Structure formats: C-alpha cells, structure tokens
Amino acid sequence: MNCSCFGSSKKVLQKKDDKDVHQSEREEEGGSIAKTKNFSYNELRVATNNFHQSNKIGRGGFGTVYKGILKNGTQIAVKTLSTESKQGLHEFMTEIDTISDVKHPNLVELLGCCVHGPNKILVYEYLENNSIDRALLDPRRSIKLDWENRSAICMGIARGLAYLHEELVPHIVHRDVKASNILLDKDFQPKIGDFGLAKLFPDDITHISTKVAGTTGYLAPEYVLGGQLTMKADVYSFGVLTLEVVSGRSSAYTNYGGAYKLLVEWAWELYEAEKLLDLVDPQLEEFPENEVLRYMKVALFCTQATASRRPLMSQVIEMLSKDVKLNEKQLTPPGFFEDSKHVSGSMSKNKSSETSTSHQMSSFPITITQLIPR
Ligand SMILES: Nc1ncnc2c1ncn2[C@@H]1O[C@H](COP(=O)(O)OP(=O)(O)OP(=O)(O)O)[C@@H](O)[C@H]1O
Ligand SMILES: [Mg+2]
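Bear in mind that the values here come from a model prediction, so they are computed numbers and not experimental data.

About the criteria used
Note on numbering: residues in each chain are counted from 1, in written sequence order. Both sets of labels track the order of writing: A upward for chains, 1 upward for ligands. Given that the model is predicted, a residue must reach a pLDDT of at least 70 before its local features are reported, and side-chain atom pairs must reach 80 or more before they are shown or counted; all residues, however, enter totals for whole chains, interfaces and linings. To decide whether a residue is near a molecule or strand, its C-beta atom is placed from the backbone and checked for lying within 6 Å of it. Numbering of helices and strands starts at the N terminus; helices are DSSP runs of H or I of at least 4 residues and strands are runs of E of at least 2. Here the bounds of each domain stem from an automatic or database domain assignment. UniProt positions are given in the numbering used here, feature names are shortened, and annotations may be inferred rather than shown by experiment. Between the buried cut of 20 or more and the exposed cut of 12 or fewer other C-beta atoms within 10 Å of a residue's own C-beta lies the partly exposed class, and all C-beta atoms are placed from the backbone. Note on contacts: residues are paired as contacts if their backbone-placed C-beta atoms lie within 7 Å. To estimate how far a helix should extend, the number of its residues minus one is multiplied by 1.5 Å. Two strands qualify as a pair provided DSSP detects at least 2 bridges between them. By definition, a nonpolar core groups buried Ala, Val, Leu, Ile, Met, Phe, Trp, Tyr and Cys residues that connect through C-beta atoms lying within 7 Å of each other. Between N-to-C directions, angles cover 0 to 180 degrees, with each direction set by a line fitted to C-alpha atoms, over the stretch in contact for helices.

### Looking at the site of ligand 1
Around ligand 1 sit 21 residues in total, of which Gly58, Gly60, Gly61, Ala77 and Ser180 are the nearest. Ranked by the residues each element gives to the shell around ligand 1, the list is headed by strand β1 (residues 56–59), at three residues. Each of domain 1 (26–125) and domain 2 (132–371) contributes no fewer than three residues to the shell around ligand 1.

This is the structure:
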C-alpha cells in the first residue's frame with residue numbers, strides 16, 4: 001500500500017548528477033580517502049585544551065564530544081569515538097569519506113577526522129545553540145522559541161532528511177533521528193548531526209536501544225520488531241520529533257495525558273477527541289492554529305503503524321507547506337513500542353485488549369504496542 005496522504009502520489013525527483021559519476025569513480029578506486037581532511041592529533045589536543053573536562057559538551061553512544069578552537073579561530077566539535085568497534089581502518093575511512101562528501105544547509109558538516117593509534121576522532125562544524133533536547137525540551141531551558149522558529153526547525157529537518165533519503169546517491173537512512181541529534185545554529189536553523197554514523201557501528205541496534213531512556217520513543221515498531229530498516233523508520237522518528245517541537249515535551253517521558261502514555265499515544269488520543277491543540281507547548285503564547293494543527297497531523301501521518309502508509313520526506317515537505325489539503329480519511333493510528341524497564345506503570349495500566357496488541361521481543365526487554373484501527 002502506498003502513502004496517500006494527499007490526493008495523488010507525487011513523483012520523487014532523483015538527482016543523479018555529477019555526484020553519481022563521482023561516486024562510481026571512487027567506488028572503482030576502492031574508496032579513496034583523499035577527500036577527507038586529516039587533522040593531526042596534536043592539533044585537536046591543542047584545540048580542546050588537552051580534551052579538558054571543561055571543554056566537554058556531551059556524551060552519546062558513540063563517544064564524547066568536546067568543543068575546540070582551531071589556531072585560525074574556527075570553532076569545532078570534536079567527537080572521540082569509543083573504539084570497541086572492530087571495523088578495519090580502511091572500511092572506517094571509506095565510510096567517513098562518504099559522509100564528508102555530503103553537504104546540505106540542514107546537515108552538520110563533517111570537517112575531517114583523525115586516526116591516532118587506537119583513537120578515532122571526527123571533527124564537525126560547531127553549532128552555537130546546542131541540540132533541540134537542550135534548547136527546547138529541557139525544563140531548565142532559557143531560550144524561548146516562537147512558532148516561526150519551531151516551524152522552521154521542522155521544515156529544515158524535513159529538508160535535510162529528504163536530501164539524505166531521496167536526492168543523495170546512494171541514499172542514507174539516518175537510523176538515529178532524535179532531538180539530541182538536531183543542532184541549532186546561531187539563527188536557530190536546524191542541522192541534522194550523526195548521519196551515516198550508525199553504519200560505522202555494526203551493533204547500532206544495541207547502541208540505539210540500550211542507550212538512555214528516550215531514544216526508544218523514536219523507534220519505528222517494524223524496526224524494533226523485525227529489524228526492517230528503511231527510510232520510513234526515519235520518517236517515523238521525524239513524526240515523533242515534530243510532536244516534541246510543537247509540544248515542547250520530550251518523548252522520553254511516558255506519563256502523558258494523566259496516565260502512563262507515550263507522547264505519540266497521547267497525541268493520537270487528543271486527535272481522536274478533536275483536542276489536538278491541547279498538545280501545544282503552553283510557552284507558545286501566539287500561534288496560527290490551523291498551521292500548528294497541520295504540523296501535528298503531518299506528524300501523525302508519519303508515525304502510522306504501517307510503514308508504507310507513512311509519507312516520503314519530500315511529501316512531508318509538501319504537506320507541511322500551506323496549500324495542501326491533508327486527506328485525513330487515510331490517517332491510521334500510530335504504532336509504538338514501550339521499553340518495559342521504563343514504563344512499569346504502563347504495564348499495570350490495564351490497556352484494553354480490544355484496542356491494542358503487544359508483542360514481546362526476546363532479545364531485549366521491550367514491548368511493541370500497535371493500536372488496532374477502529
Ligand atoms: N557539532 C556540534 N556542535 C555543538 N554541539 C554538539 C555538536 N555535536 C554534538 N554536540 C553536543 O554534544 C551532545 C552529545 O552528542 P552525541 O552525538 O555524542 O550524543 P547523542 O546525540 O546524545 O547520542 P548519539 O550517540 O545517539 O548521537 C549533543 O547533545 C550536543 O549537545
Ligand atoms: Mg548525536
């Protein structure tokens with residue numbers, strides 16, 4: 001079944017231009033590493049004040065991130081990869097080379113890398129306004145983002161993903177689209193970070209699923225259930241992210257709607273009750289109701305349980321823009337999974353067996369829940 005979120009399905013443009021030619025040339029060479037700038041370890045050590053604690057800006061599943069300043073004054077983000085990955089150096093460099101080729105205004109630019117003994121380090125452009133989990137979802141946040149900022153953030157992320165999915169050859173499925181991987185520049189324009197990185201870690205499903213609570217809230221049910229990784233899993237995560245941006249609430253929490261509900265579950269309940277505006281961030285004092293409603297409905301199209309019903313990112317861009325009428329008759333309920341470690345309350349909330357089905361996975365403790373359409 002194809003997505004039919006609006007009238008007829010749209011043709012997706014494939015840009016197979018000189019990049020394509022360039023790519024195949026490089027494949028023939030067996031993956032040149034000449035394109036990626038190599039930073040010396042010493043240069044990065046000096047830039048980060050010897051990887052000083054005070055320069056540390058975060059830590060994720062791939063390693064620790066430090067802020068650095070190069071001799072020429074350029075600010076950089078230095079990501080030291082944890083080196084348990086058994087990947088060979090050549091394979092690593094080939095992968096890095098592919099990522100460093102990818103340039104788009106809504107993607108964090110990889111400036112180069114450094115391999116020094118066991119240390120593998122990636123150097124990115126530095127983004128002043130941090131990630132959206134800190135700028136928007138942290139209760140202690142100091143920045144106030146209005147609707148103009150927030151809609152631009154959603155649209156920018158959509159453009160970045162559409163580029164990765166539909167313009168780039170070969171396509172990149174991000175696999176880890178979430179608030180901490182969306183960084184904001186000085187004008188609060190969004191840039192997607194860490195694309196292509198999951199490929200460097202063969203055990204990325206473990207990386208994603210065993211990490212901090214909250215990552216799980218972004219994962220498409222078919223990905224967790226059957227390991228099916230398509231661009232529609234990213235579309236699902238984009239939908240969750242959009243709900244977070246509009247509501248100012250994190251999908252890491254599981255107690256929405258006065259009960260133990262996930263954000264996407266609560267959003268669907270409000271949609272059905274025609275109270276979707278209750279989801280909007282109370283910090284947003286003024287906003288265009290119809291447009292905000294449209295964004296939330298697009299998010300619901302993206303989180304539908306059946307992957308093939310979710311739109312492509314190029315369609316999402318059209319759906320978010322003003323002149324398209326959404327075909328809500330086609331909208332079906334979301335699928336989601338709950339990490340049983342974090343939602344023990346949810347297990348006892350006595351969900352009606354008439355409205356949901358659960359599947360227990362044996363490899364790690366999660367429960368998949370899919371609402372059955374009415
Ligand atoms: N290019 C950057 N510019 C500024 N801050 C950054 C940059 N890259 C990462 N950060 C900061 O470092 C933090 C940690 O990033 P990191 O990617 O290591 O972890 P994560 O996104 O939480 O998890 P994951 O490992 O799954 O990506 C981010 O939340 C962000 O605040
Ligand atoms: Mg990250």
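### Focus: the UniProt feature "binding site: ATP" (unreviewed entry) in the protein chain
Under the UniProt annotation, the feature "binding site: ATP" (unreviewed entry) is placed at Lys79. For Lys79, the position within the fold is in strand β3 (residues 75–81). The exposure class assigned to Lys79 is buried, which follows from the 24 C-beta atoms found within 10 Å. When near neighbours in sequence (up to four residues on either side) are disregarded, Lys79 contacts Phe62, Gly63, Val65, Ile121, Leu122 and Tyr124.

### Here's the deal with helix α8 (residues 231–247)
The first and last C-alpha atoms of α8 sit 25 Å apart over 17 residues, in line with the 24 Å expected at 1.5 Å per residue. Among the 17 residues in α8, 17 count as buried, and that is most of the element. Downstream of α8 by one or two residues, Gly248 has phi in the positive range, about 70 degrees.

### A few points about the pairing of β1
Sheet analysis places β1 next to strand β2 (residues 63–69), joined by three bridges and oriented antiparallel. Its bridge partner lying in β2, Gly58 is registered against Val65. Counting the residues between successive antiparallel strands, the hairpin from β1 to β2 contains three residues.

### Here we look at the environment of Leu263
Relative to the assigned elements, Leu263 resides in helix α9 (residues 263–272). As a C-alpha pair, Leu263 and Ala252 span eleven residues in sequence and 8.4 Å in three-dimensional space. With sequence-adjacent residues up to four places away left out, Leu263 is seen in contact with Gly217, Val240, Leu243, Glu244, Ser247, Arg249, Ser251 and Tyr256.

### Some points on the nonpolar core
Counting residues in hydrophobic clusters, the biggest one holds 86 residues, and the most contacted among them are Val78, Val123, Ile132, Ile157, Phe238, Ala267 and Met296. Residue-level mapping places this core at the junction of two domains, with at least three residues from each of domain 1 (26–125) and domain 2 (132–371). In contact with Val123, other than residues within four places in its own chain, are Phe39, Leu44, Ile76, Val78, Leu111, Gly112 and Cys113.

### Section: the sheet that holds β2
The five strands lie next to each other as β1-β2-β3-β5-β4, forming an open sheet whose pairing is antiparallel. Taken across any chain shown, the strands that pair with only one partner, and hence form the sheet edges, are β1 and β4 (110–116). For this sheet the average axis-to-axis angle between neighbouring strands, irrespective of direction, equals 20 degrees. Where β4 meets strand β5 (residues 119–125), six bridges bridge the pair, whose relative direction is antiparallel. Counterpart to Cys114 in the pairing with β5 is Ile121.

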